[in-house]
Amino acid sequence: MDNRLATLRDYMQTNGVEGVLFTSYHNINYYSDFLYLSMGRPYGLAVTMDKVTTISALVDWGHPWRRAHICDNVVYTDWHKDNFWRAVAQELAPSRGKVACEFDTMSIDNMNKFKLAVPDRDIVDIAEPIMMKRIKKSDEEIALIKSIAAISDVGGAAIVEAMDEGVPEYVVRDYAIDKMNDEIARKHPNSEFRDTWAWWQTGPVNTDGAHNPVTTRRLQKGDICIMNLFPIVSGYYAALERTAFLDHVPDEHLRLWNINCEIHRKGIQLIKAGVKCQDIALELNEIFAKYNLLETRSFGYGHSIGTLTHYYGREAALELREDVETVLEPNMCITMEPMIVMPIGQPGEGGYREHNIHIVTETGNEDITGFPFGPEHLVVKK
């Protein structure tokens, strides 16, 4: 944490910024180890050259101060309108020069209030520069991400254990979450239990969207299924995603599954330092095109891993898409996760997805996902 703040202050000094107000979940967590729960109230982290202060609502009482142990903490009440912005003014108005905030999470209404809190000051964006610093992980972050990835493997094993004919999706999902929480408690005994979740999608309709919700649908033999495991520790995310079938695989499903696994393996080989994100996407597109499946591709081939989950922290500069020119560097952490979807009513209908996590190294990448994938492992017989 001290290294992160030192790097932030180096950036501030170089760019003439005397104060920063962070309002996003991810950056407040990244610089303080406090992950807030908004419930409609604003939260902030004010950073100057000599002070770091979380700004939190009284409803949380002492928790923000206990959690963000390297910071001061200012608590505001909601007894008067805009007390949050009074606290911001208290922390940032005394400094002079430019102040910065995250334009991508600051609404127009809040920007107007920020301007009133720090009058006659130039306000600049810090969201993108800080994202570019977050995408390279420290050794401590990598150790944590590896631990969380291993917990997602436990969740995958739980899915295989629980899946059976007639068992509803939500029952399998809940069993996997419980197993991951048990493993979090074992490996990280002082953790806050928050946000760990899973999806277990079955059948061609429920698997056609990567983020389709879990339902009461009951598993049938021959179903295409996708498991998604997302353990969260200290606001950090890892994931495991796999295609699976119960009992047997229809022929066209098997052909498509093998093709997606082929792209997955090739993508893993392409992740290495010095390669542009867009070049990986373009090369994998050529393989899908060879099989006349490019139009069935669902989304980009991978994204960053770190301080993020489904509602905060996406690091858009580190995504394996055709429009991302970022060059991979050692200590970046990125997924490989090709997905194709065959429309309902066509042979092989449904969605197929595999997902591994990789640490970029000097010579290639380290695959930190241990759970197997492909037809030789995940045609589950019960």
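Above this text sits the structure in question.
What you see is a predicted model; the values in this text were computed from it and never measured. (Residues numbered from 1 in each chain as written. Predicted model: local features only at pLDDT ≥ 70, side-chain atom pairs only at ≥ 80, totals over all residues. Heavy atoms only, no water.)

Caption draft 1: Layout of the side chain of E315. On the secondary structure map, E315 appears in the loop between α11 (277-290) and β12 (333-336). The buried category is assigned to E315, whose relative accessible area is 0%. Within polar-contact distance, the side chain of E315 engages the side chain of S304 at 2.8 Å. Setting aside anything within four residues of it in sequence, one finds E315 in contact with M131, R134, I135, K137 and S304. (Helix = DSSP H or I, 4+ residues; strand = E, 2+ residues; numbered from the N terminus. Buried < 20%, exposed > 50% of the residue type's maximum accessible area, 1.4 Å probe, protein only. Polar contact = N/O pair within 3.5 Å; in protein donor to acceptor, adjacent residues only side chain to side chain. Contact = heavy atoms within 4.5 Å.)

Caption draft 2: Examining the sheet that holds strand β16 (residues 365-367) more closely. In space, the three strands of this open sheet follow the order β12-β15-β16, with antiparallel pairing throughout. Looking at which strands have only one partner, the edges of the open sheet turn out to be β12 and β16. Averaged over all pairs of adjacent strands, the angle between their axes in this sheet comes to 35 degrees, without regard to strand direction. Relative to β16, strand β15 (residues 356-360) runs antiparallel, the two being bridged by three bridges. For H358, the partnering residue across the bridge sits in β16 and is D367. (Pairing = 2+ DSSP bridges. Axes fitted to C-alpha atoms, helices over the stretch in contact; angles between N-to-C directions.)

Caption draft 3: Region of interest: the packing of aromatic side chains. Enumeration according to the criterion identifies 18 aromatic pairs in this entry. Centre to centre, the rings of W197 and F230 are 4.1 Å apart; their planes meet at 20 degrees, and the pair counts as stacked. On the criterion of sequence distance, the pair formed by W197 in strand β7 (residues 197-202) and F230 in strand β8 (residues 224-230) is long-range, its members being 33 residues apart. On the numbers, 6.3 Å between centres and 40 degrees between planes, the contact of W197 with Y237 is tilted. Of the two residues, W197 is situated in strand β7 and Y237 in strand β10 (residues 236-237); the sequence distance between them amounts to 40 residues. Accessibility expressed as a relative area gives 5% for Y237, which makes it buried. Put simply, the rings of Y25, F34, Y36, Y43, Y311 and Y312 touch in pairs and so form one group of aromatic residues. The positively charged end of R4 is found above the aromatic ring belonging to Y30, 4.0 Å away from the centroid. (Phe/Tyr/Trp six-rings, centres within 6.5 Å; stacked < 30°, edge-to-face > 60°. Lys NZ or Arg CZ within 6 Å of the ring centre and 35° of its normal.)

Caption draft 4: Region of the structure containing the packing of helix α10 (residues 251-270) against α11. The geometry of α10 relative to α11 is characterised by a closest axis approach of 10 Å and an angle of 155 degrees between their N-to-C directions. The angle between α10 and α11 falls in the class roughly antiparallel. Both α10 and α11 take part in a crossing whose hand is right-handed. Between α10, through I259, N260, E262, I263, K266, G267 and L270, and α11, the contact on the second element is made entirely by I280, E283, L284, I287, F288 and K290. For the contact of α10 with α11, the class distribution of residues is seven nonpolar, two polar and four charged. (Parallel < 35°, antiparallel > 145°, perpendicular 65-115°, else oblique. Left-handed = near helix turned anticlockwise from the far one by under 90°. Nonpolar A, V, L, I, M, F, W, Y, C, P; charged D, E, K, R; others polar.)

Caption draft 5: Expanded view of the sheet that holds strand β11 (residues 240-246). Strand order in the open sheet formed by four strands is β7-β8-β11-β17, with mixed pairing between adjacent strands. Single-partner strands in this sheet number two, and they are β7 and β17 (379-380). In the packing of helix α7 (residues 139-162) onto the sheet, the strands contacted are β7, β8, β11 and β17, and the crossing angle to β8 comes to about 145 degrees.

Caption draft 6: Structural context of the nonpolar core. Counting 119 residues, the largest nonpolar core has L8, F22, V88, F114 and L328 as its most contacted members. The greatest single-element share of this core, amounting to nine residues, is contributed by α7. (Core = buried A, V, L, I, M, F, W, Y, C linked by side-chain atoms within 4.5 Å.)

Caption draft 7: Geometry of unusual backbone geometry. Of note in the backbone geometry, M39 takes a positive phi value of approximately 50 degrees without being a glycine. Along the chain, M39 falls in the loop between α2 (25-32) and β2 (44-48). Judged by its relative accessible area of 68%, M39 is exposed. For D120, which is not glycine, the phi torsion reads 60 degrees and is therefore positive. Structurally, D120 can be placed in the loop between α5 (108-117) and β6 (123-125). Residue D120 is classed as exposed on the basis of its relative accessible area of 83%.

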